[in-house]
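# Residue-level structural notes
One letter stands for each residue in the lines below.
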Amino acid sequence: MIKKMPKESGIDHTLALLKEGYPFLFNRRQEVDSTIFKTRILGQQAIALSGKEAASLFYDNEKFRRSDAAPKRIQKTLFGEGGVQSLDGEAHHHRKAMFMTLMSRDGLNEMYEIIDKELTAANQNWKKENHIVLDKEIQKLLTKAACQWVGVPLPDKEINQRTEQLADMFESAASIGPKHWKGRKSRKNGEEWIISLVRQVRNNEMAVDEDRALYTFSWHRDLDGNLLNEKIVAVELLNLLRPIVAISAYINFLVLALYEHPEERENLKNTDNENRFEWFCQEVRRYYPFFPFAAARVKRDFIWNGFTFKEGTLTLLDLYGTNHDPNEWSEPNQFKPDRFQEWKGSPFDFIPQGGGEFNLGHRCAGEWMTLGVMKRCLSFFVHMDFELPEQDLSYSMTEMPSKPKSKIIMQVH
Ligand code: HEM
């Protein structure tokens, strides 16, 4: 039986989205009392999906495509154009494999060793300062780590400039006005930087380890056996560098959570159960806001649970709301790391970095790395002697990505 899809009343809800931020789709879901409903944002009809069952639909590659899903302003800042996010079918699987081969156990362990080394070195400098701004320090640390891991040379004098460029790409994506334009400029300059390195690799003018992404992506061939256009290689290398720096947003929240839950910090200090570190990091990814939703378009007309989906309709999956869904999570608005002891590991109920399959779907290629880097940082901060002086640690539910207002001012002893 064909059912009428519940619909949010009103003409366009872009303003409400900007005003309400992360919980926007979840608030509407409650209002219309349905995990599937129609809305209208950015001047177009959209279908919103929320919750575990709806997420499993969203990740059905036969039903949704990505090629024309991301708005231009997001491509010009966050994603770049022609990258893996915009591919479908075989072309996507082939390009995604290029990313996933980097995420082997050895590849990831190498990153964690770099992180440990950089944290130890940075801590020596932090102790000499009166105070540090953690967000800025961690962004620099992650830029250095990302460049080493990817094989991109980073002279000391360029660290601040490259950190700012990479951070602009994800901090400007949801902004309007000057911040957005700064993000576009940083993307352009960042792509030029990486293109010049790809040229040097291809012309044998630069020595680079053959295991590094800079080398493997530069020589990657598409399904027709052709090398990728140098701009696309740059977009994909930035698809590694940029999100590694973005892990800083979670590190801010990690430290905030340690501060706000001193009993959890004590538990971690005294535990001999390594799993507790993982549960804490997972709860940070579940509880705090980062990506509000993922976007796709209906590939061809279909009917699901009685609802009609029309070809080309923009479809948004509520990531934040699914992570706070009371049908799946008890007391979803409480920070409770121990809940992950019971979590069954479903690919659809806990989706801060997307859901479904890594290789065949669009789930985040860097999710294991994100969790691993967070765990290294958590072990470090749990045992580190620091204080947070009086400051504004509140964070916005409308800024994307969100972070504590003070950016975490820290005194390190
Ligand atoms: C895709 C979030 C870190 C590489 C995604 C998606 C989200 C996401 C929501 C889209 C899922 C979808 O469209 O269904 C995050 C968050 C991170 C993070 C919150 C924490 C900072 C990373 C890291 C890397 C990475 C560290 C690489 C080292 C990618 C790539 C894609 C992606 C390549 C595209 C995958 C595809 O289209 O098949 N991420 N990510 N991300 N992420 Fe991440």
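Residues numbered from 1 in each chain as written. Predicted model: local features only at pLDDT ≥ 70, side-chain atom pairs only at ≥ 80, totals over all residues. Heavy atoms only, no water.

### Examining the site of the ligand
We count it as follows: By convention in these notes, a residue is near a molecule or strand provided one of its non-hydrogen atoms lies within 4 Å of it. Throughout this description, a polar contact denotes any pair of N or O atoms lying within 3.5 Å of each other; where both atoms belong to protein, one of them has to be capable of donating a hydrogen while the other can accept it, and for residues adjacent in sequence the pair is counted only when both atoms sit in side chains. Helix and strand definitions here come from DSSP, where helices need a minimum of 4 consecutive H or I residues and strands a minimum of 2 consecutive E residues; each element is numbered from the N-terminal end. Classes in brief: Ala, Val, Leu, Ile, Met, Phe, Trp, Tyr, Cys and Pro nonpolar; Asp, Glu, Lys and Arg charged; the others, Gly included, polar.
Taken together, the neighbourhood of the ligand is formed by 29 residues, with Tyr 59, Arg 66, His 92, His 362 and Cys 364 sitting nearest. Within the side chain of Gln 353, an N or O atom sits 3.4 Å from a nitrogen atom of the ligand. The contact in question runs from an oxygen atom of the ligand to an N or O atom on the side chain of His 362, over 2.7 Å. The dominant element in the shell around the ligand, judged by the number of residues it contributes, is helix α11 (residues 230–260), at 7 residues. Across the shell around the ligand, the residue classes break down as 17 nonpolar, 9 polar and 3 charged.

### Section: the coordination of the iron atom of the ligand
Convention followed: The donor set covers N, O and S atoms within 2.8 Å of the metal, switching to 3.2 Å for Na, K and Ca, and it leaves out water, so a site may look short of donors.
If you check the protein contacts of the iron atom of the ligand, you find one donor only, Cys 364 (SG), at 2.3 Å. Residue position: Cys 364 is located in the loop between α14 (319–323) and α15 (367–383).

### Digging into the layout of surface pockets
Over the atoms a probe the size of a water molecule is rolled, and this reveals where empty space is left. Basically, it comes down to this: The definitions used throughout rest on a 1 Å grid laid over the protein atoms alone, on which a cavity is an enclosed set of points accommodating a 1.4 Å probe that cannot get out and a pocket is an open set flanked by protein within 12 Å on both sides along at least five of seven lines; lining residues are those having an atom within 4 Å of a point. Grid points are joined across faces, edges and corners, and a volume is the space filled by probe spheres set on the points.
Looking at the second largest pocket, its volume works out to about 220 Å³. Ala 122, Asn 125, Glu 137, Lys 140 and Lys 144 are, among the 13 residues lining the second largest pocket, the residues nearest its centre. At the level of elements, α6 (105–128) and α7 (134–150) are the ones that each hand at least two residues to the lining of the second largest pocket. When residues in the lining of the second largest pocket are grouped by element, the largest group, 5 residues, is from α6.

### A few points about the environment of Lys 269
Filter applied, for reference: In this description, contact between two residues means that some pair of their heavy atoms is separated by no more than 4.5 Å.
Relative to the assigned elements, Lys 269 resides in helix α12 (residues 262–270). Between the alpha carbons of Lys 269 and Ser 379 there is a distance of 8.7 Å; along the sequence they are 110 residues apart. When neighbours within four sequence positions are excluded, Lys 269 is seen to be in contact with Val 382 and His 383.

### So, the packing of helix α8 (residues 159–171) against α11
Worth spelling out the cut-off: Here the axes come from fitting lines to C-alpha atoms, over the contacting stretch only for helices, and the angles between their N-to-C directions go from 0 to 180 degrees. Should an angle lie under 35 degrees it is considered roughly parallel, over 145 roughly antiparallel, and from 65 to 115 roughly perpendicular; all remaining angles are considered oblique.
Contact geometry of α8 with α11 gives a least axis separation of 9 Å together with a crossing angle of 80 degrees. Classified by the angle between their axes, α8 and α11 sit roughly perpendicular to one another. Between α8 and α11, the contacting residues are Leu 166, Met 169 and Phe 170 on the first element and Leu 238, Leu 241, Arg 242, Val 245, Ala 246 and Ser 248 on the second. Across the contact of α8 with α11, the residue classes break down as 7 nonpolar, 1 polar and 1 charged.

### Quick look at the side chain of Gln 139
Note the threshold: Exposure classes here rest on a 1.4 Å probe applied to the protein chains alone. A residue is buried below 20% of its type maximum, exposed above 50%, and partly exposed in between.
Within the secondary structure, Gln 139 is located in helix α7. Residue Gln 139 is classed as buried on the basis of its relative accessible area, which comes to 8%. Here the side chain of Gln 139 touches Glu 171 through a polar contact of 3.2 Å, side chain to side chain.

### Some details on the sheet that holds strand β1 (residues 36–41)
In plain terms, the rule: In short, DSSP must find at least two bridges between two strands for them to pair.
As summarised here, the arrangement of the 5 strands in space is β1-β2-β8-β5-β3, forming an open sheet in which the pairing is mixed. Single-partner strands in this sheet number two, and they are β1 and β3 (64–65). Here strand β5 (residues 293–298) runs beside strand β8 (residues 314–318); their pairing, made up of 5 bridges, is antiparallel. Counterpart to Ala 294 in the pairing with β8 is Leu 317. Contacts from helix α2 (residues 24–32) reach β1, β2 (44–50), β5 and β8, with the element oriented near 125 degrees to β1.

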